[in-house]
Amino acid sequence: MIVLNCPYCGQDRHEEELTYGGEAEIIRPLEPEEASDELWTEYLYFRTNPKGTHHEQWCCSGGCGQWFKVARDTVSHDILEVVTFDKRLSA
Amino acid sequence: MSGYRLKSGGRIDRSKPLNFTFDGRAMQGFAGDTLSSAILANGVGTIGRSFKYHRPRGIYAAGIEDPNAMLEVVDGHGREPGLRAGQVHLVEGLQARSVTGWPSPQFDLVSAATRLMSPFMTAGFYYKTLKWPNWSWYEEAVRKAAGFGAPDGTVDGRQREYRHASCDVLVIGAGPAGLAAVSSLKGSGRDVVLVDHASSAGGALRWEAAQIDGSEGMIWADKVVADCQADGGQVLLNTFVTGAYEGNYFTLIESLVDHRGLKAERIWKLRAREIIMATGAVDRPLVYQNNDRPGTFLSTSVRQFISEYGVAPGKRLAIFTNNDSGYLTALQAAAAGMATPVVIDTRSAPSAAHVEAAREKGIEVFVQSQVADVVGGRGLRAVRVVDQAGKIRTVSCDAIALTGGATPMIHLAAHRGAKPIYDEASASFVCATLPKGWHGAGAATGSRELADVLAQGHAAGQAIVATVNSAPVANVALGMGDVVPMWQAKTGSAKKMFVDLQNDVKASDVQLAAQENYISAEHLKRYSTLGMGTDQGRTSNINGLAIMAAATGREVAKVGTTTFRPPYTATRMGAIAHHRQNDGFAPRRRMPAHSDHASNGAQFEDFGWQRPDWYTKNGSDREAAVGIEMTAVRTGVGVFDASPLGKVEVVGPDARVFINKFYVSNLATLKPGRIRYSVMCHDDGIIFDDGVVACVDDNFFLAGPTSGNAETVGAWFERWRQTEWPDMAVAIAPVTSNWAAIALAGPKARDLLARLSPDFDISGEGFAHMHFREGTIGGVPARAARVSFTGELQYEIAVPARYGQALMQAALSEGADLGAVPVGMEAWLRLRLEKGYLHLGADTNGRTTPLDIGMGGVVMKKAADFIGKRALSLPYNASEGREELVGLKPVDAPIKIGGRILADGYAQIPCPSIGNVTSACDSPLAGNIAMALIEGGSKRMGEKVKIYAEGKITEAEVCSPVFVDPQNERLHA
Amino acid sequence: MMLTAVSPMGIAIGKSAALPAITVVEAQERSDIGAVLIVTTRDGGGFAETLSKALGCTLPLTHGDVLQTVDKRAIWLTPRSWIILCAPDDEADLVAAINKAFPDREANASRFSDALAWLTLDGEAAENLLRQGSFLSFEPLGFPIGHGKRTPLAGIPAIILRESEARWTIGVERSRAQYFCTWLAGLTNSFEAAQ
């Protein structure tokens with residue numbers, strides 16, 4: 001049962017108040033029509049799935065509705081870092 | 001068997017006798033008894049039969065670790081088929097029954113039969129018999145013989161509560177370690193929650209003789225609790241911590257017992273910053289021949305029965321031990337006035353102080369000795385003691401107390417992934433590293449002496465916050481000492497040595513598992529069912545693992561343990577369900593005119609919202625009513641409640657650019673007051689919603705996602721705005737539930753709309769198909785769209801939800817002479833099928849793209865990027881032969897929804913399939929019609945295909961999906 | 001023809017009425033509460049001044065804050081949205097005033113009185129009842145009197161206002177009002193009663 005402190009509303013939000021949004025920092029190529037099939041497939045489907053630190057997108061869906069980024073250890077479930085969506089994770 | 005109530009002693013209230021029954025026999029106990037202690041005090045020996053072999057079994061322990069004492073219990077609040085007797089508070093009038101013997105545990109018919117079968121019921125029994133020769137030969141007999149009681153089908157009326165909370169420090173266990181931690185935190189300002197499963201704090205102090213800080217142990221305990229409460233701490237008794245989860249989040253179950261029994265339960269969902277794990281330990285039994293006979297007890301439980309409940313488990317006690325704590329049991333038995341007990345000690349050099357204290361009381365001690373067997377079937381009469389030289393003596397006794405050391409209760413830390421490691425000194429598995437924020441103390445960490453336990457508890461408190469409080473000082477004569485393991489008796493048959501009493505797993509089963517190469521802890525568990533019972537192997541796991549270690553020539557540490565998972569102890573489904581039963585099961589959503597639908601005989605179905613499927617007002621059965629509803633729409637006017645349809649306002653200077661990124665159709669050119677239909681994809685090109693978009697003004701678009709996706713689409717817009725286009729000047733307002741909406745559909749829809757007093761021009765030219773208007777209807781603010789899901793002249797009118805009921809009533813009463821009837825979902829969906837309109841999720845699946853539903857032309861015309869566009873040109877999306885949506889007409893028999901289309905050239909199944917029927921119905925205008933997704937469907941017009949459904953193969957012809965009014969004359973009327 | 005209005009639980013608009021099925025606390029349906037939803041195209045600060053002027057009420061800029069005037073309460077929802085509680089009759093005027101102040105819809109107001117059903121719970125036991133259905137953001141220290149929050153309650157989205165120690169006003173989606181009342185009516189308070 002993950003608890004995250006939402007960087008927008010400052011509240012501790014329980015897992016049931018949150019929505020998980022997959023891996024963070026996935027870049028959608030700016031010029032889709034110019035992107036190769038390989039690049040677009042990479043963007044759509046390929047994820048790192050690490051054992052250890054994982055960068056994730058979460059939404060405070062039950063609260064203030066904002067998306068933010070989280071670094072989470074996939075083994076211990078420790079939350080290493082939480083940042084607003086405009087920032088990059090350093091953990 | 002001869003348990004009895006001691007003349008004095010115990011923490012029971014002898015002034016409050018309580019009557020109860022066990023298997024119909026009237027018995028008496030006292031306030032403060034558990035069902036276990038009360039049954040024992042009444043001299044009952046056999047309380048049930050074992051799981052596989054139906055051997056007689058008796059009360060074995062005082063608490064939830066008892067693998068035998070599962071009973072059906074009826075109290076003043078309800079009946080439950082299988083409760084742990086040690087956990088049931090005795091109340092007046094309680095009825096308890098055995099659940100494992102038939103017709104009774106004393107005379108068990110199944111036992112005779114299973115005795116014949118027992119050679120077959122070894123480790124891997126289920127694995128082997130499910131494969132060979134034929135499970136069904138055994139099933140009936142096994143099912144009858146197995147299990148712990150059956151529910152009687154009545155609804156459990158106990159009250160349930162939930163509580164969400166948090167605290168600074170959660171102290172789990174109110175024994176000496178937990179209490180030392182609480183006393184260490186006194187005055188620290190920390191918000192403490194102290195939890196214990198017993199009805200009073202004190203843990204082992206409730207039955208052990210110990211002085212702390214100069215007073216009797218329980219007086220000290222009561223003072224610590226009172227101080228904690230005075231400090232603002234919360235003390236939860238009768239409460240189990242059932243699970244530990246990430247984020248130091250815990251589930252607790254608190255029981256509220258009144259004079260009639262278990263009245264209510266409360267599930268706590270508690271989050272704690274720091275945790276003190278002072279969960280204690282339970283005795284580990286010893287494994288010897290016939291170690292399951294009634295009259296066999298865990299040693300600490302015997303002390304608990306004597307000193308907490310004033311119950312002697314037998315007239316003369318033998319104690320079988322491999323550590324000093326067995327002597328404490330002997331001394332307590334002697335002090336309680338029971339016949340002088342005897343101690344059988346496996347060790348060669350027990351503590352001199354303990355031996356001397358025992359001999360002083362005349363207690364005979366056999367050192368370097370083991371129990372080889374017992375005498376007595378349903379009740380113990382004697383034990384056979386074998387010494388180092390192999391000499392066997394018979395010692396008469398009617399009860400035996402076992403201690404093979406203590407098993408620390410590390411479950412909760414293990415729930416969090418803490419790894420159990422083997423500790424030589426205590427011969428047990430402990431958690432060397434605890435999760436973040438956790439502090440271990442007491443017997444849960446393998447500690448065996450009270451002084452250490454108190455010091456650890458104090459240190460745990462100080463580790464959280466330093467205070468001036470000093471550590472409690474213990475004064476106790478004798479302790480437990482080191483444990484010298486004895487995992488399996490040297491003498492006797494492994495086939496009669498029980499390791500797991502609840503699942504009837506014997507030492508020989510563990511050895512067989514080893515022989516058959518199921519040697520890892522997890523394989524052993526599944527193959528032999530060791531530790532898989534409701535007691536979760538509390539008393540059996542470590543013995544089983546050690547026997548496995550011996551059988552495979554490994555150290556115990558190398559075998560490891562199985563994974564502990566929540567719940568810590570069996571939890572009532574009712575407590576978890578809370579209010580979520582009957583109508584509370586899922587939050588039902590009601591449309592504003594719900595009660596009007598009900599009074600028209602709506603047969604509601606849950607489509608996320610409670611929606612009428614059809615109306616009994618229109619016909620006595622579904623087919624008749626649906627036919628009338630469809631005909632009304634085609635010939636007069638139908639009134640359909642469309643309130644759940646999504647309404648998402650997209651506003652701002654960039655609203656147009658923004659919304660154009662979501663739909664596959666070009667919205668850049670959509671003029672104010674106009675509407676366009678389109679579909680929306682995920683970025684992989686797969687359709688996930690469809691609907692219409694209205695341009696209210698250049699900075700205001702109103703999207704109408706499907707009912708089921710109303711919230712999802714609003715959130716989808718918002719996510720892209722926040723994460724991909726944060727600089728776009730756009731805002732999203734999801735307003736679905738603010739508006740009630742009805743659709744008027746049919747050739748007389750305009751006549752009906754006119755009677756609802758719109759303040760705007762509704763003529764065919766003034767309000768043409770795919771136009772949007774704002775104004776008033778019936779004197780209230782309204783949004784009107786001329787769109788059609790039925791192929792008829794159709795208006796969708798939305799008014800603030802408070803007027804929804806009145807609008808529905810007005811439409812039906814004003815339209816009565818036009819033939820207006822309420823139309824349900826089924827008719828509505830059949831009407832759209834007649835027109836070949838897509839029903840999202842039925843006619844599309846997780847692979848369907850806009851190209852597959854005939855929207856290729858629309859996609860091609862749109863120059864701007866949209867979500868999903870690029871993926872449509874990926875090779876697998878652009879390839880030939882994909883499943884495409886087409887119509888089907890029957891050739892020989894009606895088409896069934898869900899039917900599989902046979903691949904070309906096949907006339908029989910099994911064969912490859914090239915698609916499936918996605919929608920099918922009988923239409924009053926077009927007969928039997930269907931839509932299907934078929935590989936290369938658009939190129940198969942006129943082809944015959946074979947369909948397999950419900951065991952039959954039928955034939956159909958591929959056609960255009962538009963079955964009614966292909967020229968759209970009705971639509972533009 | 002003139003359509004008539006009813007509240008989510010079937011009372012006239014502009015009134016409050018007791019919900020007798022809810023026994024542990026005093027519960028009322030509040031159809032005297034109307035609402036406007038404000039959304040903006042940039043984070044709040046930028047438009048706060050213009051919005052406040054149009055509204056006649058200052059907008060809070062942080063989570064939990066509820067700013068109040070005689071006839072309005074402004075609740076922070078997200079960095080770009082607020083709910084304004086007002087008299088039901090004032091809804092149309094407020095929407096018009098805001099949308100007039102922002103002709104290009106950089107900020108926008110939507111009718112929202114009908115989106116939510118409002119209930120007031122009054123009584124010592126109210127907090128316990130709400131704790132049966134809501135999460136961590138519902139801490140005693142984290143929920144001061146006068147604050148308002150959005151959080152799931154009883155499995156559905158809700159806006160919760162703490163008006164005083166024992167008085168709470170809760171908004172749930174209108175379509176779920178019946179469910180929510182049934183949920184409240186099904187709750188017990190046996191533990192507190194026993195003590």
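Residues numbered from 1 in each chain as written. Chains lettered and ligands numbered in written order. Predicted model: local features only at pLDDT ≥ 70, side-chain atom pairs only at ≥ 80, totals over all residues.

A. Seen up close, the overall build of chain A. The secondary structure content of chain A amounts to one helix and six strands. Counting from the amino terminus, chain A carries its helices and strands in the arrangement β-β-β-α-β-β-β. Overall, the C-alpha framework of chain A stretches about 40 × 30 × 25 Å when taken along its three principal axes. Within chain A, the proportion of its 91 residues that are buried is 31%. (Helix = DSSP H or I, 4+ residues; strand = E, 2+ residues; numbered from the N terminus. Buried ≥ 20, exposed ≤ 12 C-beta atoms within 10 Å, placed from the backbone.)

B. Structural detail: the interface of chain A and chain B. Each side of the interface is counted separately: chain A has 18 residues, and chain B has 20 residues. Of all the elements, helix H1 (residues 37-45) of chain A adds the most residues to the side of chain A that touches chain B, at four residues. Of the residues belonging to the side of chain A that touches chain B, the class tally is nine nonpolar, five polar and four charged. (Contact = placed C-beta atoms within 7 Å. Nonpolar A, V, L, I, M, F, W, Y, C, P; charged D, E, K, R; others polar.)

C. Molecular detail of the interface of chain C and chain B. Listed by partner, the interface residues are 46 residues for chain C and 50 residues for chain B. Elements that contribute at least two residues to the side of chain C that touches chain B include exactly strand S3 (34-40), strand S7 (107-111), helix H4 (177-186) and helix H5 (190-194) of chain C. Considering every element that reaches the side of chain C that touches chain B, the biggest residue donor is H4(C), with five residues. Partitioned by chemical class, the residues of the side of chain C that touches chain B number 18 nonpolar, 17 polar and eleven charged.

D. Highlighting the domain arrangement of chain C. Residues and elements named next belong to chain C. Entries for chain C in the domain assignment read domain 1 (16-32 + 116-189) and domain 2 (34-111). The C-alpha centroid of domain 2 is placed 24 Å from the C-alpha centroid of domain 1. Facing the nine residues of domain 1 at the interface are seven residues of domain 2. Elements with a contribution of two residues or more to the side of domain 1 that touches domain 2: strand S9 (148-153) and strand S10 (156-164). Top contributing element to the side of domain 1 that touches domain 2 by residue count: S9, with three residues. Its residues assigned to classes, the side of domain 1 that touches domain 2 shows three nonpolar, three polar and three charged. (Domains from an automatic or database assignment.)

E. Expanded view of the sheet that holds strand S48 (residues 900-902) of chain B. Residues and elements named next belong to chain B. The strand order S47-S50-S49-S48-S51-S52 describes a closed barrel built from six strands, whose pairing is antiparallel. Taken pair by pair, the neighbouring strands of this sheet meet at an average axis angle of 45°, ignoring direction. Pairing analysis gives four bridges linking strand S47 (residues 883-890) to strand S52 (residues 952-959), with the strands arranged antiparallel. Counted as the bridge partner of Pro890 is Ala956 from S52. (Pairing = 2+ DSSP bridges. Axes fitted to C-alpha atoms, helices over the stretch in contact; angles between N-to-C directions.)

F. Here's a closer look at the pairing of strand S43 (residues 771-777) of chain B. All names here are of chain B. In this sheet, strand S44 (residues 780-786) lies alongside S43 in antiparallel orientation, the contact comprising seven bridges. The residue bridging Ile777 from the neighbouring strand is Val780, located in S44. As consecutive antiparallel partners, S43 and S44 are separated by two residues, and within that stretch Gly778 has a phi angle of approximately 60°, a positive value.

G. Unusual backbone geometry, seen in detail. Residues and elements named next belong to chain B. With an omega of 0°, the peptide bond between Pro566 and Pro567 qualifies as cis. In this structure, Pro567 sits in the loop between helix H15 (556-559) and helix H16 (573-577). A cis geometry characterises the amide bond from Ile909 onward to Pro910, with omega recorded as -5°. Examined against the element boundaries, Pro910 turns out to sit in the loop between S48 and strand S49 (913-923).

H. Local environment of the confidence of the model for chain C. Taken over all residues, the pLDDT of chain C has a mean of 91, while the share at 70 or more is 95%. Scored as a complex, the prediction yields pTM 0.90 and ipTM 0.98. (pLDDT = per-residue confidence, 0-100.)

I. Representation of helix H8 (residues 325-335) of chain B. All names here are of chain B. The element H8 is extensively covered by neighbouring structure, given that nine of its eleven residues are classed as buried. Ser325, Gly326, Tyr327, Leu328, Thr329, Ala330, Leu331, Gln332 and Ala333 are the residues of H8 that are buried. Looking at the buried positions of H8, the neighbouring elements they touch are helix H7 (299-309), strand S20 (316-321), strand S21 (339-345), helix H9 (352-360) and strand S26 (399-403).

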